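# Remarks on the overall topology
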Amino acid sequence: GQSLEQPSEVTAVEGAIVQINCTYQTSGFYGLSWYQQHDGGAPTFLSYNALDGLEETGRFSSFLSRSDSYGYLLLQELQMKDSASYFCALEEGGNKLTFGTGTQLKVEL
Amino acid sequence: DVKVTQSSRYLVKRTGEKVFLECVQDMDHENMFWYRQDPGLGLRLIYFSYDVKMKEKGDIPEGYSVSREKKERFSLILESASTNQTSMYLCASSSLMTSPGNEQFFGPGTRLTVL
């Protein structure tokens, strides 16, 4: 089976850069995804890493290192609207995902 | 835009009742999923389906069953609801053909309370 660990909570100030880590234990997977979920809302897709390295999408970047069993989501120029929960998810075959426990990001003024 | 809808946002049922949660997607996705979300536990996969009349168990299928009679509709059934099934239930759909990064699209969720 697979397990993914994330910090439960991260706090940062508006305009700063924050990194949310995800470590995993698995025998094999296709890629690592990140999802954002605002309170009371549905999870929405942010990014996907099939290969090692950095993927950049605007203010958000995601990184994967298979050799270190580690990935992270990097959020730059933090805004208040970035306050949300962030989940990493491992993709098994057929698009089945195993989600991490989630990190609640609080952005302060 | 992909739209995934769920039949109810809030639902209150009594222990022992049979409960149906309905999910409909409008983008002709072949894959559909049911998750439950509990604080500190993230999203856990209950059942999923790759095609009509096809179903596969996820990580926590006990106490649940599913039905997929039409491609756009995936139903989650609690045969005899129990208090430990009080949770937020999320439906999702995806298509390997059209989703870069194998993106899953989620519905708004159903918060089920079993008394």
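See the structure above.
What you are looking at is a predicted structure, and each value in this text was computed from that prediction instead of being measured.

Turning our eyes to something else, we now look at the sheet that holds strand S8 (residues 70–75) of chain A. Residues and elements named next belong to chain A. Pairing within the open sheet is antiparallel, and its five strands lie in the order S1-S3-S8-S7-S6. Each edge of the open sheet is held by one strand with a lone partner, namely strand S1 (3–5) and strand S6 (53–57). Across the sheet, the mean angle separating the axes of adjacent strands is 20° when strand polarity is ignored. Pairing analysis gives six bridges linking strand S7 (residues 60–65) to S8, with the strands arranged antiparallel. Looking at the pairing, Ser65 lines up with Tyr70 of S8.

Taken together, the 24 residues of chain B in the interface contact 18 residues of chain A. Our count for the chain B to chain A interface comes out at zero salt bridges. Between the two partners, chain B and chain A, sit three residue pairs in polar contact (both at pLDDT 80 or more). When residues of the side of chain B that touches chain A are traced back to their parent elements, those giving at least two are strand S4 (31–38), strand S5 (42–49) and strand S9 (87–94) of chain B. The residue inventory of the side of chain B that touches chain A, partitioned by class, reads 12 nonpolar, nine polar and three charged.

Parameters at a glance
Residues numbered from 1 in each chain as written. Chains lettered and ligands numbered in written order. Predicted model: local features only at pLDDT ≥ 70, side-chain atom pairs only at ≥ 80, totals over all residues. Heavy atoms only, no water. Pairing = 2+ DSSP bridges. Helix = DSSP H or I, 4+ residues; strand = E, 2+ residues; numbered from the N terminus. Axes fitted to C-alpha atoms, helices over the stretch in contact; angles between N-to-C directions. Contact = heavy atoms within 4.5 Å. Salt bridge = Lys/Arg side-chain N within 4 Å of Asp/Glu carboxyl O. Polar contact = N/O pair within 3.5 Å; in protein donor to acceptor, adjacent residues only side chain to side chain. Nonpolar A, V, L, I, M, F, W, Y, C, P; charged D, E, K, R; others polar.

Scope: geometric values only; no functional claims are made or implied.
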